[in-house]
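A look at the structure
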Amino acid sequence: MGFFDGLLGSRTADFDSGSAATNSIELTKRHNQVSLTKQGAATGHLRVNLSWRMRTSDIGGSQRESLLRHPFKALRPPEVMGHNQSMVNVDLDLACLYELADGTKGVVQPLGNFLGDVNAPPYVKLSGDDRFGSASGETMYVNLDHRDEIKRLLVFVYIYDQTPAFDRTHAIVTLYPSNGPRIEIHLDERHPQARSCAVVMIENVKGELVVRREVKFVYGFQAELDRLYGWGLQWGRGYKTKVEK
């Protein structure tokens, strides 16, 4: 089993989720930010979800069929299928570096079972750890009723095992505010050796809560993201407990 940076600690609390909107906003390089305050969504619980699927080209190799037998296949977009543990051993984790208005800093992540708290600092809670890429993925909740106590949150994704696989997965991080459209960030860039990705920054800018796309891939883990964004935490090696299959 692979290892990487981890901080220990855990607190639990009850929480609920904001309502999911039927429409969506996709953050891209060109249109990379949105204001939750301006769309009236800076209150309640912000739900952050990570989901991923494997690309079919990486499941059982390429399966080319004759265009004479299936001439319309060339017009179809590349198919993306679900996966299970027997197909590939990839464990993507959703996590968050936080900095509060009083200067408190830390991390919420599955590693070390540091799942956070939604009703007390840091006002961020991870619902659990999905080890096998289930349809529901991994979900984190942010209590925006305490937005004045939050300075910035960096939502990131990392690969737990030692096999880089961002180039073999189609991962999406989706934010579901309490009001307005959901916000999608696709991790489609090909970085075959990357092990972590800073996905989105949620920042309190003079009382306005802004969501900004980052999508910066790095070849290390939490410590490298920390250095990139100047968090200043102390990191050590961490492991997950084994699970029964």
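Scroll up to find the structure this text is about.
Remember, predicted model here, so these are calculated numbers, not experimental data. (Residues numbered from 1 in each chain as written. Predicted model: local features only at pLDDT ≥ 70, side-chain atom pairs only at ≥ 80, totals over all residues. Heavy atoms only, no water.)

Let's shift gears to the packing of aromatic side chains. Here the structure, examined in full by the defined rule, presents two aromatic pairs. Measuring from centroid to centroid gives 5.2 Å for Phe166 and Phe217, while their planes differ by 80°, and the two rings are edge-to-face. Remark: Phe217 occurs in strand S15 (residues 208–218) and Phe166 occurs in the loop between strand S11 (150–159) and strand S12 (169–176); sequence separation between them is 51 residues. With respect to burial, Phe166 and Phe217 carry one shared label: buried. Over the face of the ring belonging to Tyr176 we find Arg47, whose NZ or CZ atom lies 4.0 Å from the ring centre. Stacked on the ring of Trp231, the Lys or Arg Arg152 has its end atom at 3.7 Å from the ring centre. (Phe/Tyr/Trp six-rings, centres within 6.5 Å; stacked < 30°, edge-to-face > 60°. Helix = DSSP H or I, 4+ residues; strand = E, 2+ residues; numbered from the N terminus. Buried < 20%, exposed > 50% of the residue type's maximum accessible area, 1.4 Å probe, protein only. Lys NZ or Arg CZ within 6 Å of the ring centre and 35° of its normal.)

Below, the discussion takes up the environment of Val205. Residue placement: Val205 occurs in strand S14 (residues 196–205). Once the C-alpha coordinates of Val205 and Arg152 are considered, the two residues, 53 residues apart in sequence, prove to be 8.9 Å apart.

On to the pairing of strand S6 (residues 92–100). With respect to burial, S6 is a largely interior element, nine of its nine residues being buried. The two faces of S6 match: Leu92, Leu94, Cys96, Tyr98 and Leu100 on one face and Asp93, Ala95, Leu97 and Glu99 on the other face are all buried. Pairing geometry for S6 and S11, over nine bridges, is antiparallel. Bridging from a neighbouring strand, Leu94 pairs with Val157 of S11. (Pairing = 2+ DSSP bridges.)

Looking at the element boundaries, Thr37 is found in the loop between strand S3 (33–35) and strand S4 (45–55). The class for Thr37 is partly exposed, based on a relative accessible area of 35%. Along the backbone, Thr37 and Asn204 are 167 residues apart, and their C-alpha atoms lie at a distance of 9.8 Å. Leaving out residues up to four positions away in the same chain, Thr37 has contacts with Ala42, Gly207, Glu208 and Leu209. (Contact = heavy atoms within 4.5 Å.)

Moving on to the sheet that holds S15. Here six strands make up an open sheet; going across it, the order is S3-S15-S14-S11-S6-S7 and the pairing antiparallel. Lying at the two open borders of the sheet, with one neighbouring strand each, are S3 and strand S7 (105–108). Sheet twist, expressed as the average angle between the axes of neighbouring strands with direction ignored, equals 20°. Sheet topology note: the S6/S7 ladder contains four bridges and is antiparallel. Note that in S7 the partner of Cys96 across the bridge is Val108. Helix H1 (residues 222–229) rests against S11, S14 and S15 of the sheet, and its axis sits at about 125° to S15. (Axes fitted to C-alpha atoms, helices over the stretch in contact; angles between N-to-C directions.)

Going through the model one piece at a time under the given rule, you end up with nine salt bridges. Ionic pairing is found between Glu99 and Lys151, a salt bridge with its closest N-O pair at 3.5 Å. Of this pair, Glu99 sits in strand S6 while Lys151 is found in strand S11, placing the two residues 52 residues apart along the sequence. With relative accessibility at 8%, the residue Glu99 sits in the buried group. Accessibility expressed as a relative area gives 42% for Lys151, which makes it partly exposed. Notably, a salt bridge pairs Arg213 with Glu189, separated by 3.3 Å at the nearest N-O pair. Taken together, the residues span a long stretch of sequence, with Arg213 in strand S15 and Glu189 in the loop between strand S13 (182–187) and S14 at a distance of 24 residues. It is possible to trace a salt-bridge network through shared partners that takes in Glu203, Arg212, Glu214 and Lys216. (Salt bridge = Lys/Arg side-chain N within 4 Å of Asp/Glu carboxyl O.)

Attention now goes to the nonpolar core. Counting 63 residues, the largest nonpolar core has Leu36, Val157, Phe166, Leu175, Ile185 and Leu187 as the members making the most contacts within it. Top contributing element to this core by residue count: S11, with eight residues. (Core = buried A, V, L, I, M, F, W, Y, C linked by side-chain atoms within 4.5 Å.)

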